[in-house]
Amino acid sequence: AQTVTQSQPEMSVQEAETVTLSCTYDTSENNYYLFWYKQPPSRQMILVIRQEAYKQQNATENRFSVNFQKAAKSFSLKISDSQLGDTAMYFCAFTTGTASKLTFGTGTRLQVTL
Amino acid sequence: DVKVTQSSRYLVKRTGEKVFLECVQDMDHENMFWYRQDPGLGLRLIYFSYDVKMKEKGDIPEGYSVSREKKERFSLILESASTNQTSMYLCASSLWSGYSNQPQHFGDGTRLSIL
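Residues numbered from 1 in each chain as written. Chains lettered and ligands numbered in written order. Predicted model: local features only at pLDDT ≥ 70, side-chain atom pairs only at ≥ 80, totals over all residues. Heavy atoms only, no water.

1. Section: the overall build of chain B
Counting secondary structure elements, chain B contains zero helices and 11 strands. Reading chain B from its N terminus to its C terminus gives the helix and strand order β-β-β-β-β-β-β-β-β-β-β. In terms of overall size, chain B behaves like a compact globule, its C-alpha atoms giving a radius of gyration of 13 Å where 115 residues would be expected to give roughly 13 Å. Projecting the C-alpha coordinates of chain B onto the three principal axes gives extents of approximately 40 × 30 × 25 Å. A total of 115 residues make up chain B; the buried ones form 48% of that total. Residue pairs at least 24 apart in sequence account for 55% of intrachain contacts in chain B once pairs closer than 6 positions are excluded. Accessible area of chain B: about 5,600 Å², with a carbon and sulfur share of 49%. A gap of 6 Å separates the mean positions of the 15 positive and 15 negative side-chain charges of chain B. (Helix = DSSP H or I, 4+ residues; strand = E, 2+ residues; numbered from the N terminus. Rg over C-alpha atoms; globule rule 2.2 N^0.38 Å. Buried < 20%, exposed > 50% of the residue type's maximum accessible area, 1.4 Å probe, protein only. Contact = heavy atoms within 4.5 Å. Areas by Shrake-Rupley, 256 points an atom, 1.4 Å probe, with all protein chains shown as cover. Lys, Arg positive; Asp, Glu negative; His and termini not counted. Charge placed at Lys NZ, Arg CZ, Asp CG, Glu CD.)

2. What to know about the sheet that holds strand 8 (residues 73–78) of chain B
Residue and element names in this part refer to chain B. If you trace the four strands from one edge of the open sheet to the other, you get 1-3-8-7, paired in antiparallel fashion. Two strands lie at the open edges of the sheet, namely strand 1 (4–6) and strand 7 (64–70), each paired on one side alone. Taken pair by pair, the neighbouring strands of this sheet meet at an average axis angle of 20°, ignoring direction. (Pairing = 2+ DSSP bridges. Axes fitted to C-alpha atoms, helices over the stretch in contact; angles between N-to-C directions.)

3. Digging into the interface of chain B and chain A
Facing 27 residues of chain B, the contacting portion of chain A comprises 23 residues. Counting the surface lost from both chain B and chain A, the interface buries some 2,000 Å², and carbon and sulfur atoms represent 52% of this. Where chain B meets chain A, there are zero salt bridges. At the junction of chain B and chain A, the tally comes to three residue pairs in polar contact (both at pLDDT 80 or more). (Buried area = accessible area lost by both parts, 1.4 Å probe. Salt bridge = Lys/Arg side-chain N within 4 Å of Asp/Glu carboxyl O. Polar contact = N/O pair within 3.5 Å; in protein donor to acceptor, adjacent residues only side chain to side chain.)

4. What to know about unusual backbone geometry
Glycine aside, residues mostly have negative phi, and peptide bonds are mostly found in the trans state. Residues and elements named next belong to chain A. Of note, the phi angle at Ala16 is positive, near 80°, even though the residue is not glycine. The residue Ala16 is located in the loop between strand 2 (10–14) and strand 3 (19–21) in this model. Given the relative accessible area of 49%, Ala16 is considered partly exposed. Notably, Asp81 is not glycine yet its phi reads approximately 50°, a positive angle.

5. Here's the deal with the side chain of B:Ser93
Within the element layout of this structure, B:Ser93 appears in strand 9 (residues 87–94). Within the structure, the side chain of B:Ser93 is placed 2.8 Å from the side chain of B:His29, a separation counted as a polar contact.

6. Brief notes about the packing of aromatic side chains
Residue and element names in this part refer to chain A. Counting across every chain of the model gives 15 aromatic pairs over all chains. With 6.2 Å between their ring centres and 75° between their planes, Tyr32 and Phe94 make a pair best called edge-to-face. Taken together, the positions of Tyr32 in strand 5 (residues 32–39) and Phe94 in strand 10 (residues 88–96) put the pair 62 residues apart, joining distant regions of the chain. The exposure class assigned to Phe94 is buried, which follows from its relative accessible area of 1%. (Phe/Tyr/Trp six-rings, centres within 6.5 Å; stacked < 30°, edge-to-face > 60°.)

7. Observations regarding the pairing of strand 5 of chain A
Residues and elements named next belong to chain A. Most of strand 5 sits inside the fold, with eight of its eight residues counted as buried. Because side chains alternate across strand 5, one face comprises the buried residues Tyr32, Leu34, Trp36 and Lys38, and the other comprises Tyr33, Phe35, Tyr37 and Gln39, equally buried. Bridging between strand 5 and strand 10 involves eight bridges; their strand directions are antiparallel. Its bridge partner lying in strand 10, Lys38 is registered against Tyr90. Hairpin connection from strand 5 to strand 6 (residues 46–52): six residues lie between these consecutive antiparallel strands, with Arg43 at a positive phi of about 90°.

8. Side note on the confidence of the model for chain A
With 97% of its residues at a pLDDT of 70 or more, chain A has an overall mean of 93. The least confident element of chain A is strand 11 (residues 103–104) of chain A, whose mean pLDDT is 93; the most confident is strand 3 of chain A, at 98. (pLDDT = per-residue confidence, 0-100.)

9. As for the nonpolar core
Judged by nonpolar contacts, the single largest core of 25 residues is most densely connected at A:Tyr25, A:Trp36, A:Phe75, A:Leu77 and A:Tyr90. For this core, the secondary-structure elements that each account for two or more residues are strand 3, strand 5, strand 6, strand 8 (64–69), strand 9 (74–79), strand 10 and strand 12 (108–113) of chain A. With four residues, strand 10 of chain A is the largest single contributor of residues to this core. Of all hydrophobic cores here, the second largest spans 20 residues; its members include B:Trp34, B:Ile46, B:Leu78 and B:Cys91. (Core = buried A, V, L, I, M, F, W, Y, C linked by side-chain atoms within 4.5 Å.)

And the structure:
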C-alpha cells in the first residue's frame, strides 16, 4: 500500500522566518511524482510545488523549496521569509507511474504570526 | 486559469435522501476526481474518471456513485445519505499527458451536513 505521513499536525512560525514541513512516503514504485498543496482558510486547494522522482535536483518556486531524499523517501517543504498569507493547511501528496490518483498525507496546519 | 466549480458551498440534507453534488471544469481536462476531507484524515479519494462514461473506484467508494455524461461535468451521488457522510467534499480535475505529473486543480469544496 502507498502511504504518506506528515508527522506535524500543527506548526507555527513568525513572519520573515523559515519553516520546514516534513513528509515521508512509502511506495515500491521507482517512477513517481511528489506534490505539496496549500489550502488557505478560504478552502481552495492550490499547488505549491512538485518534484519528479527521477530528478535529483530539488524543485524551487520562489520562497518555496523542497528537500527530496529519495533513498530515505522524504520530501520536506521549506518556506523562506514566511508571510501572513502562508497561513494554511499544507498537504503532501504523490502519484506513481501513469496513474492519475494522488495519495495525500493528513496535512500540517501552519500558522504564521507577527 | 483553470476553473473548477462546485454547485454548492454548503448543503444540508436528511438521512436517507439521495444527494447530488455537481462539479464542472472549464479546461477540457480528461481526469476528474471526488475526494472527501475530514480533520486528521486528509483527503481520501472516493471515485475518479479518466474519460466520459469511465469511472474507477478510489479508496472509499462505499455509499457513493458517480456519473460523467459530459467531459466537463462529474457528479457525485450519495444513494441514501447517512450521518457518517457529513464531510467536506472536494472536486478536482487534471490534464492527462501520458504521465501523472500534471497537477490537480480543485474546486472550493462543498460542506455537506446530513441530519
